Amino acid sequence: MTRKSGDASRSTIRDVAARAGVSASTVSRVLGGVYPVSAATRGRVMRAVRDLDYVADARAKAIAGVGTPTLAFVLEDITGPSFAHMAHGVEREATRLGHLCLVCSTEGDVRHELEFVEMMRAQRAAAVILVGGTADTPEYRERTHRMADSLASAGSRLVLCGRPPLDPGAPVTVIEYDNEGGAYTLVAHVLAQGHRRVLFLGGRADHTTALGRERGYLAAHRARGLTPDPSLLLHGDFTRDAGHRLMQQALKDGLEFTAVVAATDMVAAGALTALHEAGLTVPGDVSLAGYDDIPFARDLHPALTTVHVPYEELGRLAVRTALERTPGAADEHLLLGTHVVVRDSVGPPPSRSPR
């Protein structure tokens, strides 16, 4: 009698074996496809699989070393457009190399991240890719080092993509982009237009990506012998709403500036709306620049000058490096470049005194 999928109990591999008149290990060999089995035996097993509507347990197949190999892409917020492009790169490269890509959004919950990594270890995932900045604390380094060791013991690999690297010798692959250098070059471009009071709309004060961009802002000023006014450094997060709120607050407080550098294009979009709401033109009254070069940056009015980060290539490289690594290799560290994309939102400061 055929077992229907709506039945309370699921068919097991032993049920299939009994129906086909073979052992459970023979069923496993047929489904795994990695051992020679006669055509007649294979036919009986597959008929039993169809009759019983049997679905092989993915966890068991992973432990047995058969089935589609997987890798995991772990990030804090899947809705961020820059991470979406990185995920696209990960998925495309994983597919090219014959791997299934699983995505986990942790929403900043460290416990959720640890649980997911442990699940991937149990399923023998080929690699786990952790994405995005974080607070670079001793706790972070210890926790992440434990993850790397745990995955390595199972034949897997931890990849840190845009995350702080660990101490030398950790079994980890680090893929970074020139975060600070991108901010330095962008702010140098703004200063070269003649601006001297540049408002910086940054991220969280303990976030490594935000800190790198702030360091670039400060270094570009120092290179020109300038000391930025500390009141021009504002902190929020990397969202459009944060940019809108910070820009409104800066205008309300009467801060004087002729240009704004936002830590992300999303922050810049919010700032642009606030400037328009205040009756200010860009770049006529205030110049504005972002960071990331996400697709809609070119469709803003005016089109946004920004820093291009090769997010899709970061994703591709993370997969390729992890899956094609030398067995037993210790730490690997790769750095991709960034560059400024000059569009229409930055010009010389207005002839009148700054905002």
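Here's a quick rundown of the structure.

Basis of the calculations
Counting restarts for each chain, with residues numbered from 1 along the sequence as it is written. With pLDDT at 70 or above as the cut-off, local features in this predicted model cover only qualifying residues; side-chain atom pairs require 80 or more to be listed or tallied, and sums for whole chains, interfaces and linings still use all residues. Note that water and hydrogens are dropped before the side-chain values are worked out from all heavy atoms of the structure. Note on pairing: two strands pair once DSSP finds at least 2 bridges between them. Under the scheme used here, helices are H or I runs from DSSP no shorter than 4 residues and strands are E runs no shorter than 2 residues, and both carry numbers assigned from the N terminus. Every axis corresponds to a line fitted to the C-alpha atoms, with the helix fit spanning only the stretch in contact, and the corresponding angles, defined between N-to-C directions, vary from 0 to 180 degrees. Here, residues are in contact when the closest pair of their heavy atoms is within 4.5 Å. Between 65 and 115 degrees an angle is taken as roughly perpendicular, under 35 as roughly parallel, over 145 as roughly antiparallel, and anywhere else as oblique. Crossing handedness is read from the near helix: turned anticlockwise from the far helix by less than a right angle, it gives a left-handed crossing, and turned clockwise, a right-handed one. Residue polarity is assigned by list, with Asp, Glu, Lys and Arg as charged and Ala, Val, Leu, Ile, Met, Phe, Trp, Tyr, Cys and Pro as nonpolar; anything else, Gly included, falls into the polar class. We define a nonpolar core as any set of buried Ala, Val, Leu, Ile, Met, Phe, Trp, Tyr and Cys residues linked to one another through side-chain atoms lying within 4.5 Å. Three exposure classes are used, based on accessible area relative to the maximum for each residue type with a 1.4 Å probe and protein chains only: buried under 20%, partly exposed in between, and exposed over 50%. The domain boundaries here were taken from an automatic or database domain assignment.

**Topic: the sheet that holds strand β8 (residues 259-262)**
So, step 1. Taken together, the four strands give an open sheet; going across it, the order is β7-β6-β8-β9, and neighbouring strands pair in parallel fashion. Taken across any chain shown, the strands that pair with only one partner, and hence form the sheet edges, are β7 (233-235) and β9 (287-289). In this sheet, neighbouring strand axes are inclined to one another by 15° on average, regardless of whether the strands run parallel or antiparallel.
So, step 2. Each of β6 (198-202), β8 and β9 touches helix α8 (residues 179-192); the most contacted strand, β8, lies at about 175° to it.
So, step 3. Sitting on the sheet, helix α10 (residues 240-252) is in contact with β6, β7 and β8, with an inclination near 145° to β6.

**Topic: the packing of helix α6 (residues 110-122) against helix α7 (residues 138-153)**
Angle between the axes and distance between the axes are the two parameters that describe a pair of packed helices.
So, step 1. Remark: α6 packs on α7, axes separated minimally by 9 Å, with the N-to-C direction vectors making an angle of 10°. If you check the angle between α6 and α7, you find them roughly parallel. Both α6 and α7 take part in a crossing whose hand is right-handed. Between α6 and α7, the contacting residues are Val110, Glu113, Leu114, Val117, Glu118 and Arg121 on the first element and Arg143, Met147, Ser150, Leu151 and Ser153 on the second.
So, step 2. Class assignment of the residues belonging to the contact of α6 with α7 gives a composition of five nonpolar, two polar and four charged.

**With respect to the nonpolar core**
So, step 1. Judged by nonpolar contacts, the single largest core of 65 residues is most densely connected at Phe73, Ile129, Leu199, Met247, Phe257 and Leu314.
So, step 2. Each of two domains, domain 2 (70-178 + 314-335) and domain 3 (179-310), supplies a minimum of three residues to this core.
So, step 3. Every residue in contact with Leu199, bar those within four places of it in the chain, is listed here: Leu232, Leu234, Met247, Ala250, Leu255, Phe257, Ala259, Val260 and Val261.

**Regarding the packing of α10 against helix α11 (residues 265-277)**
So, step 1. Relative to each other, α10 and α11 sit at 40°, their axes nearing to 6 Å. Considering the angle they form, α10 stands oblique to α11. You can see that α10 and α11 cross each other, and the crossing is right-handed. On the side of α10, the interface is formed by Arg240, Gly243, His244, Met247, Gln248 and Leu251, while α11 contributes Met266, Val267, Ala269, Gly270, Ala271, Thr273, Ala274, Leu275 and Glu277.
So, step 2. Partitioned by chemical class, the residues of the contact of α10 with α11 number eight nonpolar, five polar and two charged.

The values are spatial; any link to function lies outside them.
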